[in-house]
Amino acid sequence: MAHIDDASVVIVGGGVTGLSSGWWLARSGVDVIVIEKGVVGWEASGRNGGGATHVYSPFGMEEQRLWPQMDDLLGYPTEYQPNLIMVLLSEQQRANFARFAEFGKESGFTSEFLDPKQLKELVPIVGDNAIGGVLTHYGGHANPQRTVQAYAWAFQDHGGRIYQHHTVTDLKMEGDRITEVVTDQGTFGADFVIDAAGPQTGFIAEKVGVDVPLAHGRVEIIVTAPIPRMWRGGIGGNGLYGRQTKRGNLAYGGGPHEWIDVTDMGTPEKQTTPLIRNLSRRLAELFPGAADVPVIRSWGGVVEQTPDGSPVVERMDSPNNFIVATMSSVGFGLSPAVGKAVSELVLHGECTFTDLSP
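From a predicted model like this one, the values you see are computed outputs, not experimental measurements. (Residues numbered from 1 in each chain as written. Predicted model: local features only at pLDDT ≥ 70, side-chain atom pairs only at ≥ 80, totals over all residues. Heavy atoms only, no water.)

A. Fine view of the packing of aromatic side chains. With the rule as written, the count across this model stands at 11 aromatic pairs. Here Trp67 and Tyr80 contribute two aromatic rings whose centre-to-centre distance is 5.5 Å and whose plane-to-plane angle is 15 degrees, an arrangement assigned as stacked. Here the residue Trp67 occupies a position in the loop between helix 2 (60-66) and helix 3 (70-74), and Tyr80 occupies one in the loop between helix 3 and strand 3 (81-88), the gap between them amounting to 13 residues. Each member of the pair, Trp67 as well as Tyr80, is classed as buried. Judged by centre distance (6.5 Å) and plane angle (35 degrees), the ring pair of Phe100 and Tyr138 falls under tilted. (Phe/Tyr/Trp six-rings, centres within 6.5 Å; stacked < 30°, edge-to-face > 60°. Helix = DSSP H or I, 4+ residues; strand = E, 2+ residues; numbered from the N terminus. Buried < 20%, exposed > 50% of the residue type's maximum accessible area, 1.4 Å probe, protein only.)

Structure (structure tokens):
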């Protein structure tokens with residue numbers, strides 16, 4: 001049967017992990033296809049808080065090095081803004097974020113505690129319930145939708161091809177190698193396959209006998225009407241992650257996530273749930289000065305998580321032309337570094353800038 005297209009590398013999944021991997025490979029001159037069951041970035045990659053502060057990760061140092069360069073490297077805007085403030089509403093939160101700051105210190109980054117007056121000068125909408133804050137001189141946030149666009153366009157600029165609305169149903173092997181990626185629209189020939197399919201990563205891997213245990217969580221974000229712009233970095237706390245957009249909207253999400261069963265390749269329903277009331281309450285507690293600002297929209301998406309919460313980025317011994325890359329709910333911020341690591345696994349058989357064993 002004739003193939004729709006053939007490439008040296010076929011990537012299953014058009015989220016930030018797959019797109020970043022494709023972009024790194026394409027800019028190295030590799031012929032790459034990305035196959036996506038819906039629209040690129042339609043699940044977790046375009047539906048998250050935009051955080052890029054993961055210094056505890058083996059990818060953390062490269063994440064911090066790359067993000068300030070990404071607009072120039074990609075040639076398109078990500079709306080990246082550096083640094084992060086965590087608002088503290090209790091002594092327990094102070095203890096938790098002291099530990100978070102210690103992670104950064106161990107990696108050579110600095111942070112400082114803010115008293116209530118210093119915090120309010122930077123974030124005027126905090127209330128008298130805030131006992132202070134932590135300002136990290138690292139990390140930050142970007143716009144998930146803009147970033148997905150930037151990856152996709154930059155990938156295509158280097159000759160990469162994206163096939164949207166193509167649901168992968170099978171992987172075909174000859175001997176110990178994958179040779180074809182089968183979709184509901186037809187078949188693609190491949191010399192190498194990367195499984196970056198988000199919640200469907202395990203489903204894809206099962207087709208070639210690789211077990212990737214994953215649970216699937218539904219996450220939601222609320223967006224308020226715009227308010228005057230504050231300090232440009234990220235602002236979080238009270239169990240919430242998120243950012244203020246360039247227009248001034250507050251876009252925030254957080255647990256408790258709803259754990260769901262992803263049994264097929266169809267796009268999950270995305271009606272909002274009562275979680276948005278929980279998010280709205282905690283956002284009003286975090287920012288009492290914005291408590292009367294209306295929530296104007298919300299959205300949901302699905303993320304995947306391994307049993308221990310750690311990402312899996314590995315080149316398999318069998319099939320010997322197969323990489324699994326599942327980021328266990330932290331893929332957006334780490335995507336520049338993870339894509340680089342995956343490209344090096346393809347090109348060199350190993351990651352040169354960090355130890356992937358953790």
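B. Broad picture of the nonpolar core. Val9, Leu19, Trp23, Phe59 and Ile194 are the most contacted members of the largest nonpolar core, which totals 44 residues. Every element with two or more residues in this core is listed here: strand 1 (5-12), helix 1 (16-27), strand 2 (32-35), helix 3, helix 6 (144-157), strand 9 (186-195), strand 17 (322-326) and helix 9 (331-348). Per element, the largest residue contribution to this core is eight residues, and it comes from helix 9. Look past the residues within four positions of Trp23 in its chain and what remains in contact with it is Met70, Leu73, Leu74, Tyr151, Ala154, Phe155 and His158. In this structure, Met230, Leu283, Phe287 and Ala290 belong to the second largest nonpolar core, which totals 26 residues. (Core = buried A, V, L, I, M, F, W, Y, C linked by side-chain atoms within 4.5 Å. Contact = heavy atoms within 4.5 Å.)

C. A look at helix 4 (residues 91-106). Across its 16 residues, helix 4 extends 23 Å between first and last C-alpha, which sits within 8% of the 22 Å expected from 1.5 Å per residue. Listing the buried residues of helix 4 in full gives Gln93, Phe97, Phe100, Ala101 and Gly104. Take helix 4 and look down its axis: the buried residues cluster within an arc of 100 degrees, on one side only. Away from its buried face by more than 90 degrees, helix 4 exposes Glu91, Gln92, Arg99, Lys105 and Glu106. Packed against the buried residues of helix 4 are strand 3, strand 4 (111-114) and strand 5 (132-141). Two residues or fewer past helix 4, Gly108 is found with a positive phi of approximately 95 degrees. (Expected span 1.5 Å × (residues − 1). Arc of directions from axis to C-beta.)

D. Here's a closer look at the pairing of strand 2. Burial along strand 2 is two-sided: Val32 and Val34 facing one way and Ile33 and Ile35 facing the other are all buried. Strand direction decides the pairing type here: strand 1 and strand 2, joined by four bridges, are parallel. Residue Val12 lies in a different strand from strand 2, and its bridge partner there is Ile35. With helix 1 bridging strand 1 and its parallel neighbour strand 2, the resulting β-α-β unit is right-handed. With three bridges connecting them, strand 2 and strand 6 (residues 161-163) associate as parallel partners. When the sheet's bridge partners are listed, Ile35 is paired in strand 6 with Tyr163. (Pairing = 2+ DSSP bridges. Right-handed = clockwise from strand over helix to strand, strands pointing away.)

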